[in-house]
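In case you want the letters, here they are:
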Amino acid sequence: MRDDFDRPLWRRLVVNRFVVVLGAIALAIVGWNAYVASYSGGRVTGRVTDTAGEPVAGASVTLWVLNFTTYVEKARGVTDADGRFLIINRDSHNLQLAAEKAGVGRSRRVPVRLYFRAQDVELREPLVLVPTSQGGS
Amino acid sequence: MRRYPRWPIHMALLTVSVLMLLPFYWVVKTSVSGENIFAYPPSVIPKSPHLFYYVDAWYYIPFARYFVNSIVVSSIAVVANVILNAMAGYALTRDFVGKPFVLFLFLSCMMIPFQATIIPAYLITGRLGLLDSYWGLALPQCSTIVCIFVFKGSFDAVPRSLVDAARIDGLSEWRIIWKVMMPLAKSAIATNVILAFVWSWNNFMWPLIVTRSADMQTLPLGLARFLSYQEDTTGALYAFCVMVLAPGVLLFLLAQREFIQGLTSGATKG
């Protein structure tokens with residue numbers, strides 16, 4: 001094994017497991033913060049459809065955020081002609097979303113977990129409005 | 001000479017290692033699955049693991065603030081331990097009047113539990129005006145007798161002729177410690193760093209007593225606060241534990257070779 005003292009001083013100081021590991025952690029932290037800065041608009045977007053999969057315009061979408069042990073209503077949005085909605089959330093990383101429209105129905109509450117507050121997120125699955133007589137809650 | 005098969009030893013060591021690592025695995029598994037610890041039958045593989053419990057732990061309490069507090073206090077304790085214990089350890093390698101008494105005093109003080117000295121420690125810290133400050137949090141942990149003996153054992157292993165040669169060359173006692181002894185005592189330094197860090201990092205009782213404002217609390221106090229905030233937090237609680245444990249484990253893994261050398265140096269000395 002090569003003697004440690006054979007290497008130049010600068011190399012011993014820089015290339016060692018303490019500096020390399022802690023440097024890698026520091027780089028990961030910087031990278032994560034850069035990612036957070038890039039995607040922290042607080043934009044919660046998604047689609048609302050009916051049971052046939054058709055977009056529902058004018059549906060009201062409600063956003064709840066976790067406040068200790070209960071979810072409290074924080075914001076509302078309305079879908080456009082394509083059934084898409086946009087709600088700004090900067091308060092919580094633990095959300096719930098639900099949509100409803102008179103005459104069409106109501107969706108179930110969908111939990112949404114974020115990796116940081118105000119993270120931009122788009123729902124993978126649309127909120128599906130179910131006629132209330134069929135058990136939508 | 002007959003060679004015995006090694007696999008039984010390896011199997012035994014592997015079994016013991018698995019048993020030792022099982023609680024750590026269980027903590028990590030629960031932190032990503034949130035599974036109730038009383039679930040029966042318990043699942044060894046986490047079901048649909050995710051990292052959101054770590055996000056919960058980060059936001060439920062001011063984790064970053066507590067983390068910085070713990071880092072600052074532990075750093076003060078580590079630096080003070082290395083400097084003060086090296087000085088004390090070197091002094092104990094020299095001959096002076098009353099040395100056996102000092103050694104006896106140190107050994108006897110090791111037998112006094114910290115809880116018995118909390119009131120005088122609090123009064124002294126208060127008189128110094130250090131309550132609710134980083135220095136006050138670190139003060140009782142700035143030197144530990146065990147670590148003094150680690151340095152003493154390491155310094156005892158240095159040939160006396162080397163110290164005499166340094167003295168003939170004109171080095172003062174201070175410079176002998178820092179220029180001759182310390183470079184030869186890397187294992188003892190690593191042992192001091194790890195022990196001081198872990199003890200300071202995990203300390204609960206002293207920070208509980210000496211801090212008054214929430215901003216000065218450290219991670220162990222944050223854990224207690226976390227428990228008082230939330231009830232159904234199995235996953236987040238275990239995620240918090242992992243986040244608290246990680247720096248100590250990382251430090252140990254980085255310096256384990258020197259740490260083990262430091263603890264065993266002098267053990268086989270004739």
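Everything discussed here concerns the structure shown above.
Computed from a prediction, not measured in an experiment: that's the story for all the values here. (Residues numbered from 1 in each chain as written. Chains lettered and ligands numbered in written order. Predicted model: local features only at pLDDT ≥ 70, side-chain atom pairs only at ≥ 80, totals over all residues. Heavy atoms only, no water.)

Remarks on the layout of surface pockets
In step 1: Counted as a void, the largest pocket has a volume near 1,300 Å³.
In step 2: The wall of the largest pocket is formed by 32 residues, among which Ile25(A), Ile29(A), Trp58(B), Phe63(B) and Phe67(B) lie closest to the centre.
In step 3: Put simply, the parts of the chain that give the lining of the largest pocket at least two residues each are helix 2 (17–38) of chain A together with helix 2 (52–60), helix 3 (63–93), helix 10 (186–202) and helix 13 (234–264) of chain B.
In step 4: Per element, the largest residue contribution to the lining of the largest pocket is 9 residues, and it comes from helix 2 of chain A. (1 Å grid on protein atoms, 1.4 Å probe; cavity = no way out; pocket = protein on both sides within 12 Å on 5 of 7 lines; lining within 4 Å. Points joined across faces, edges and corners; volume = space filled by probe spheres on them. Helix = DSSP H or I, 4+ residues; strand = E, 2+ residues; numbered from the N terminus.)

Regarding the pattern of salt bridges
All names here are of chain B.
In step 1: One pass over the full model with this rule turns up 9 salt bridges over all chains.
In step 2: The closest approach of N and O atoms between aspartate 95 and lysine 99, which form a salt bridge, is 3.9 Å.
In step 3: Judged by its relative accessible area of 63%, aspartate 95 falls in the exposed class.
In step 4: One connected set of salt bridges, linked through shared partners, spans Asp164, Arg167 and Glu173. (Salt bridge = Lys/Arg side-chain N within 4 Å of Asp/Glu carboxyl O. Buried < 20%, exposed > 50% of the residue type's maximum accessible area, 1.4 Å probe, protein only.)

Considerations on helix 7 (residues 145–156) of chain B
What sets the pattern is the α-helix's 3.6 residues per turn: residues three or four places apart point alike.
In step 1: The end-to-end C-alpha distance of helix 7 of chain B is 16 Å, a good match for the 16 Å that 12 residues give at a rise of 1.5 Å each.
In step 2: Within the sequence span of helix 7 of chain B, burial applies to Ile145(B), Cys147(B), Ile148(B), Val150(B), Phe151(B), Lys152(B), Gly153(B), Ser154(B) and Phe155(B). (Expected span 1.5 Å × (residues − 1).)

Things to note about the packing of aromatic side chains
In step 1: Under the definition given, this model contains 15 aromatic pairs over all chains.
In step 2: Centroid distance Phe151(B) to Phe155(B): 5.4 Å. Interplanar angle 35 degrees. Geometry classified as tilted. With Phe151(B) and Phe155(B) both in helix 7, this residue pair falls 4 residues apart, about one helical turn.
In step 3: Put simply, the rings of Trp58(B), Phe63(B), Phe67(B), Phe197(B), Trp201(B) and Phe240(B) pair up and form one aromatic cluster.
In step 4: The side chain of Arg109(A) reaches across the aromatic face of Trp64(A), ending 3.6 Å from its centre.
In step 5: If you follow Lys29(B) out to its NZ or CZ, it ends over the ring of Trp26(B), 3.8 Å from the centre. (Phe/Tyr/Trp six-rings, centres within 6.5 Å; stacked < 30°, edge-to-face > 60°. Lys NZ or Arg CZ within 6 Å of the ring centre and 35° of its normal.)

Describing the interface of chain B and chain A
In step 1: On the side of chain A, 15 residues touch chain B, which itself brings 14 residues to the contact.
In step 2: Approximately 1,400 Å² of surface area, both sides summed, lies buried where chain B meets chain A, with 63% of it carried by carbon and sulfur atoms.
In step 3: Of all residues in chain B, the largest losses of buried area upon contact with chain A belong to Phe52(B), Tyr59(B) and Leu254(B), amounting jointly to 47% of the total for that side.
In step 4: Scanning the region where chain B abuts chain A turns up 1 salt bridge.
In step 5: Secondary structure elements with two or more residues in the side of chain B that touches chain A: helix 2 and helix 13 of chain B.
In step 6: Looking at the side of chain B that touches chain A residue by residue, the class counts come to 9 nonpolar, 1 polar and 4 charged. (Contact = heavy atoms within 4.5 Å. Buried area = accessible area lost by both parts, 1.4 Å probe. Nonpolar A, V, L, I, M, F, W, Y, C, P; charged D, E, K, R; others polar.)

Section: helix 5 (residues 118–127) of chain B
Residue and element names in this part refer to chain B.
In step 1: Those residues of helix 5 that sit buried are Ile118, Ala121 and Thr125. When helix 5 is viewed along its axis, its buried side chains cluster within an angular range of 65 degrees and face the same direction. The exposed set on the far side of helix 5, more than 90 degrees from its buried face, consists of Ile119, Leu123 and Arg127.
In step 2: Just downstream of helix 5 lies glycine 129, where phi reads positive at about 70 degrees. (Arc of directions from axis to C-beta.)

Details of the pairing of strand 3 (residues 70–78) of chain A
In step 1: Direction of pairing for strand 2 (residues 60–67) of chain A relative to strand 3 of chain A: antiparallel, over a ladder of 8 bridges. Note on strand 3 of chain A: the bridge partner recorded for Val61(A) is Gly77(A). (Pairing = 2+ DSSP bridges.)

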